[in-house]
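# An overview of the molecular structure
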Amino acid sequence: MTGETTTGAVGSSRIEVDRLTKRFGDLTAVDDLSFTVEPGRITGFLGPNGAGKTTTLRMLLGLVRPTSGTATIGGRLYHDIPSPMAAVGSALEATNFHPGRTGRDHLRVLADTTGIDHRRVDEMLEQVGLAAAARKRAGGYSMGMRQRLGLAAALLGDPQVLILDEPANGLDPEGIRWLRGLLRHVSDQGKTVLVSSHMLQEVEQTVDDIVIISHGRLVQQGPMAELHGAGSSLVRTTHPEALLTALRPVDVEGTVQPDGSVLATTADLQLIGDVAHAAGLPVHELRQVATDLESLFFSLTESLAETTEETDD
Amino acid sequence: MGGAIVSEIRKVFTTRLWWGMLLGMALLAGLIALGFAALVGTDFGEDPGTGANPFAEMNVGTAQLIYNAGLVQSFTTLFPLALGVLLITSEYRHQTISATFLSTPRRWVVLVSKSVAVVVIGFVYAVTHAIASVAGGGAMLAGKGHPTLLGDGEVWQSLGIGILAFVVWTMLGFGFGMLVRNQVAAVLIAVGFSLIGQIALNIIFAVTDWIWAARWLPGNLTTGMLITVDPTGGATDASTQPYFEQWWLSALILVGYTAVLAIAGSVLTAKRDIT
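The next thing to look at is the nonpolar core. By size, the foremost hydrophobic cluster in this structure holds 75 residues, and its most contacted members are Leu60(A), Leu107(A), Ala152(A), Ala153(A), Leu156(A), Ile163(A) and Val195(A). Top element by residues in this core is helix H6 (residues 143–155) of chain A. It accounts for seven residues. Ignoring sequence-local partners within four residues, the contact set of Ala152(A) consists of Leu107(A), Met124(A), Leu125(A), Val128(A) and Leu130(A). Counting 68 residues, the second-largest nonpolar core is a separate cluster that includes Tyr125(B), Leu159(B), Trp169(B) and Met225(B).

Now for the sheet that holds strand E1 (residues 15–24) of chain A. Residue and element names in this part refer to chain A. Read across the open sheet, the three strands follow the order E2-E1-E4; overall the sheet is antiparallel. Of all strands in the sheet, those with a lone pairing partner are strand E2 (27–37) and strand E4 (68–73), marking the two edges. The average undirected angle you get between the axes of adjacent strands in this sheet is 20°. Where E1 meets E2, seven bridges bridge the pair, whose relative direction is antiparallel. When the bridges of E2 are listed, Leu 20 appears paired with Leu 33.

What follows covers the domain arrangement of chain A. Taken domain by domain, chain A consists of domain 1 (2–223) and domain 2 (230–289). The centre of domain 1 of chain A, based on its C-alpha atoms, is set 44 Å off from the matching centre of domain 2 of chain A.

This next bit is on helix H8 (residues 153–180) of chain B. The end-to-end C-alpha separation of H8(B) is 41 Å, in line with the 40 Å expected for 28 residues at 1.5 Å each. One or two steps after H8(B), the chain reaches Arg181(B), where phi turns positive at roughly 70°.

Moving on: the interface of chain B and chain A. Taken together, the contact between chain B and chain A spans 24 residues of the former and 29 residues of the latter. Looking at the side of chain B that touches chain A, the elements with two or more residues in it are helix H1 (2–13) and helix H6 (96–103) of chain B. Residue composition of the side of chain B that touches chain A, grouped by class: seven nonpolar, 12 polar and five charged.

Parameters and conventions
Residues numbered from 1 in each chain as written. Chains lettered and ligands numbered in written order. Predicted model: local features only at pLDDT ≥ 70, side-chain atom pairs only at ≥ 80, totals over all residues. Core = buried A, V, L, I, M, F, W, Y, C linked by C-beta atoms within 7 Å. Buried ≥ 20, exposed ≤ 12 C-beta atoms within 10 Å, placed from the backbone. Helix = DSSP H or I, 4+ residues; strand = E, 2+ residues; numbered from the N terminus. Contact = placed C-beta atoms within 7 Å. Pairing = 2+ DSSP bridges. Axes fitted to C-alpha atoms, helices over the stretch in contact; angles between N-to-C directions. Domains from an automatic or database assignment. Expected span 1.5 Å × (residues − 1). Nonpolar A, V, L, I, M, F, W, Y, C, P; charged D, E, K, R; others polar.

Here is the structure:
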């Protein structure tokens, strides 16, 4: 029985997007998109603005009707989840608040629908750091406070799945750190966390998996570590060939660039410096090269943009 | 469903809108009733052609007219109408509709719950309107030494029907708001039609002698519901009046308008993408 419950819990929190398509008139916002989001991990849903992230999330949450394909949470359409707030917590970018209603009342209104105790409302306000502003009208909240209120609303039902659209928008660095800790805490409990962002740097240090889309199509999906790729470094010295020879024994490959610098297949700058020093070679420049996901992110989305334009012509 | 209804009712009572509008409406209703009551015994309301005057002397019809004065003037009906429009359009304006459908994804549940909340707040407004009107009108009548006729069954029946009319007007606004969604446009169109549109149509129908058409206007239907006894004491020929003779027929037609708007609005709301 216990085993069954556990399996059920995990099964009930996998997100599956299957050949999802949405057309608004002539515009294809989401185009034959498929990906999965696993429980116990934080998944970043990335893409430039207008890539179709919000539309995808809205289809997943039953707010927008797909033209074709399905998006399910634990094998169910959002509509068919009996007590959705207790299963899926979500905060969408456009989910605003009535400016004349207090933050506390906003949460109470939501809590009522699912029969959540009002004490839980006050706990959540405490947890997201809004207790002091709870009885103030939401119209006076800063962007960061709105994000916190949205998050409190998402967490209200203690859901197995957390879906957040651009949650870091408007948060200060301290708030982003706090958000990271919170998301990690949630995913460590075996829950599913899906976080969208148009900025890789925002989620780079937070997520385990990423799904990158552009123009409504899947560009890349996989664990962060794999997609990140090996780091590399650029070294400038007087005798590049001598440096390559010296690096070989420590398992670092390198190539001499047209401008005479050496591109080495490691992000370990200290190692390169030590090797060069031991070989008696002067180091004129030594830095990591951005082959990190950031350039990948841009190259992927850029290349897709170009191919799309070509197809359009 | 129970939770969704509680949620919708809480929504209404957690912003300032409801009591702000309620206060304004109560004040106006009281003043209009007071003004009507002040006319009793004067020839101010006399029709120069027929000599019919609803205020010539106090009778049951005059009392019905005074205690529902705001509604009969198609003026305080603007409050339940605007309230109904605002209750739904504010969800779109502030984009809280997403949160609403996320907590209750079955949209018909939301729509039924909202309708219940609309009826509840409509009832609160209606009772307040009746109290304010009776207070304003009754005080003036008593002050001038006229009978208030507040012991009369048909006066009370009229006040009761007034409550029904009020709830219907709130639903009318709600249905219209679902169809239009844009708050500013919905309020302007609804209030504009009720205030200016109806006056214009009444004039047009009077000039063209289309009394039968005037009877179908929401404002005239409301008056037809409320005034069941001729205030002119038989001096008016009912066939020349823009009201149906049976109050329930007027009520049925008004409810019919409301049902059409509410059902059309619901079907659209249930289907539409929330982007």
